[in-house]
Amino acid sequence: MSDSSERMPLLDAVQALHARRRADDVVITSMGAAREWMALGAGPLDLPLVPSSMGTAPSIGLGIALAQPRRRVIVINGDGAMLMHLGSLVTITAAAPTNLVLILVDNGVYEVTGAQPTPGAAPARADGTSIAFMGMAHAAGFQSVYRFSDAADWARNVERVLAATGPTFVLLDVSSVPGSKGPRSPGPAAARARDLRRTLTQKLG
Amino acid sequence: MFSGEEMATLFTSIGITHVVSIADSTIGAWHPAIEESPDLRLVRVCREGEAWAVAAGLYLGGATPLVLIQCTGLFESGDSLRNVLHDWQLPIFSVIGYRSYLNQETLPGDTCLVFTEPVLDAWRIDYRLITSPAQLDEIRAHYLACRESGKPGAALIAEGRA
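About the thresholds
- Residues numbered from 1 in each chain as written.
- Chains lettered and ligands numbered in written order.
- Predicted model: local features only at pLDDT ≥ 70, side-chain atom pairs only at ≥ 80, totals over all residues.
- Core = buried A, V, L, I, M, F, W, Y, C linked by C-beta atoms within 7 Å.
- Buried ≥ 20, exposed ≤ 12 C-beta atoms within 10 Å, placed from the backbone.
- Helix = DSSP H or I, 4+ residues; strand = E, 2+ residues; numbered from the N terminus.
- Contact = placed C-beta atoms within 7 Å.
- Pairing = 2+ DSSP bridges.
- Expected span 1.5 Å × (residues − 1).
- Arc of directions from axis to C-beta.
- Axes fitted to C-alpha atoms, helices over the stretch in contact; angles between N-to-C directions.
- Parallel < 35°, antiparallel > 145°, perpendicular 65-115°, else oblique.
- Left-handed = near helix turned anticlockwise from the far one by under 90°.
- Nonpolar A, V, L, I, M, F, W, Y, C, P; charged D, E, K, R; others polar.

Membership of the largest hydrophobic core comes to 106 residues, with the highest contact counts inside it found for Ala13(A), Ile103(A), Leu172(A), Ala55(B), Ala56(B) and Ile92(B). Here the element with the most residues in this core is helix H3 (residues 48–60) of chain B; it accounts for nine residues. Among residues more than four places away in sequence, those in contact with Ala13(A) are Met8(A), Val105(A), Ala151(A), Trp154(A), Leu172(A) and Val174(A).

Turning our attention to the interface of chain A and chain B. Counting residues at the interface gives 28 residues for chain A, matched by 27 residues for chain B. For the side of chain A that touches chain B, the secondary-structure elements that each account for two or more residues are helix H3 (57–67), helix H5 (87–95) and helix H8 (189–202) of chain A.

So, on to the pairing of strand S4 (residues 73–78) of chain A. Residue and element names in this part refer to chain A. A large share of S4 lies buried, amounting to six of its six residues. Burial along S4 is two-sided: the face carrying Val73, Val75 and Asn77 and the face carrying Ile74, Ile76 and Gly78 are both buried. When strand S2 (residues 26–29) meets S4, the two strands line up parallel, connected through four bridges. Pairing of Val26 across the sheet is with Val73, part of S4. Relative to strand S5 (residues 100–106), S4 runs parallel, the two being bridged by six bridges. Pairing of Asn77 across the sheet is with Leu104, part of S5.

The subject of this paragraph is helix H7 (residues 136–149) of chain B. Residues and elements named next belong to chain B. Between its terminal C-alpha atoms H7 stretches 21 Å, which fits the 20 Å expected from 14 residues at 1.5 Å a residue. Along H7, the residues that are buried comprise Ile139, Tyr143 and Cys146. In an axial view of H7, the angular spread of the buried residues amounts to 65°, which keeps them on one side of the axis. Facing away from the buried side of H7 by more than 90 degrees, the exposed set consists of Asp137, Glu148 and Ser149. Of the surrounding elements, those touching the buried residues of H7 are helix H1 (4–13), strand S4 (93–98), strand S5 (127–130) and strand S6 (153–158). Of the residues one or two after H7, Gly150 is the one with positive phi, at around 70°.

Residues and elements named next belong to chain B. Pairing within the open sheet is parallel, and its six strands lie in the order S2-S1-S3-S4-S6-S5. Bordering the open sheet on either side are strand S2 (41–44) and S5, each of which pairs with just one other strand. On average, adjacent strands in this sheet sit at an angle of 20° to one another, irrespective of strand direction. Sheet topology note: the S4/S6 ladder contains six bridges and is parallel. Residue Gly97 lies in a different strand from S6, and its bridge partner there is Ile157.

What follows covers unusual backbone geometry. Residue and element names in this part refer to chain A. Note that the residue after Val50, namely Pro51, is joined by a cis bond; omega there is 0°. With an omega dihedral of 5°, the bond running from Gly166 to Pro167 counts as a cis peptide bond. Following the sequence through the fold, Pro167 ends up in the loop between helix H7 (151–163) and strand S9 (168–175). Phi is positive for Met31, close to 50°, though the residue is something other than glycine. Within the secondary structure, Met31 sits in helix H2 (residues 31–40). Classification of Met31 as buried rests on a count of 28 C-beta atoms within 10 Å. A positive phi angle, close to 55°, is found at Ala96, a residue other than glycine.

Take the packing of helix H1 (residues 10–20) of chain A against H7(A) next. Residues and elements named next belong to chain A. Where H1 meets H7, the axes come as close as 9 Å, and the angle between the chain directions of the two elements is 25°. It follows that H1 is roughly parallel to H7 by the angle criterion. H7 is crossed by H1, and the crossing has right-handed handedness. Facing Asp12, Ala13, Ala16, Leu17 and Arg20 of H1, the residues of H7 in contact are Ala151, Trp154, Ala155, Val158 and Glu159. Split by residue class, the contact of H1 with H7 holds seven nonpolar, no polar and three charged.

Residue and element names in this part refer to chain B. Within the span of helix H6 (residues 112–122), buried status applies to Cys112, Thr116 and Leu120. Within H6, the buried residues cover an arc of 45° as seen down the axis, which keeps them to one side. More than 90 degrees from the buried face of H6, the exposed residues found are Val114, Pro118, Asp121 and Ala122. Elements in contact with the buried residues of H6: helix H4 (71–76), S4, S5 and S6. Arg124, located one to two residues past H6, shows a positive phi value of around 55°.

This is the structure in structure tokens:
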């Protein structure tokens, strides 16, 4: 968890994006973000990554972005998931898709398993200081890097951020949701994959 | 056993568009030819678990990816391939280097020789063991059969002395 005194509710963070994404954007969500996104309503180009292999959402987003370079691909990932595949930050910037936006919602905990702190969060660290995701994104070479802690500020800037030249990294400081549950799959995964591929290949822009 | 040019030609001939890979001493020697091929894009990943997920995204986006890793990376990437091949049932084909297979007399202690094939069986990956240069067409045939059936599959390439 990045050291920030201000945090926005996860639902507000997700809602601001949900209201402003374009209809032809692909949006991949995982864990708590997937739960909130599905509650708001998922469209045919949305991929709630349930069931998942934790941490792979950015890599799936990279693949879609490379296959469909004229389509914007947005990934909402959690901090615990990000820590599982930190190397994917470097993989993304090596390939450098200008159409990929990676949004990291950082609450410092493994929320759906009972809010245990991640190794990156201050309470779990010997020095009591959270790791710096912003520094990692800059060092990895993301073209555009942003951070928001206030929901209204994020909502005001969503469209500008999404329009930036990618690959884009956005850190959102969010509060954890006590007692929240993991997302449930909205339907058989294989059928959803077939539908998404069919939709994406029919609408190649 | 195979040159980079042979592998790049093979991949192109079966319609592969992206090769998602981490180098080992055999696979890495193929990378330059893959990069030079105008019909292939090499996507370098940092860890093999990423490779399956990147390939999954490529496939969902309409591309035809192939995962190219060593068997040690197969061991590392179990949960990711489980999700991609079995939860989402994506027919991703892989070419996997079988470390030390051709060096069994000089390097008999490499446990890759113990675990590679049982792990492929455990993950229910239909694979063909390739131990001779004469088997290049067997890779093509197995790929085409997997594509026809919509199933994942692998070619397990013996590494070591050519």
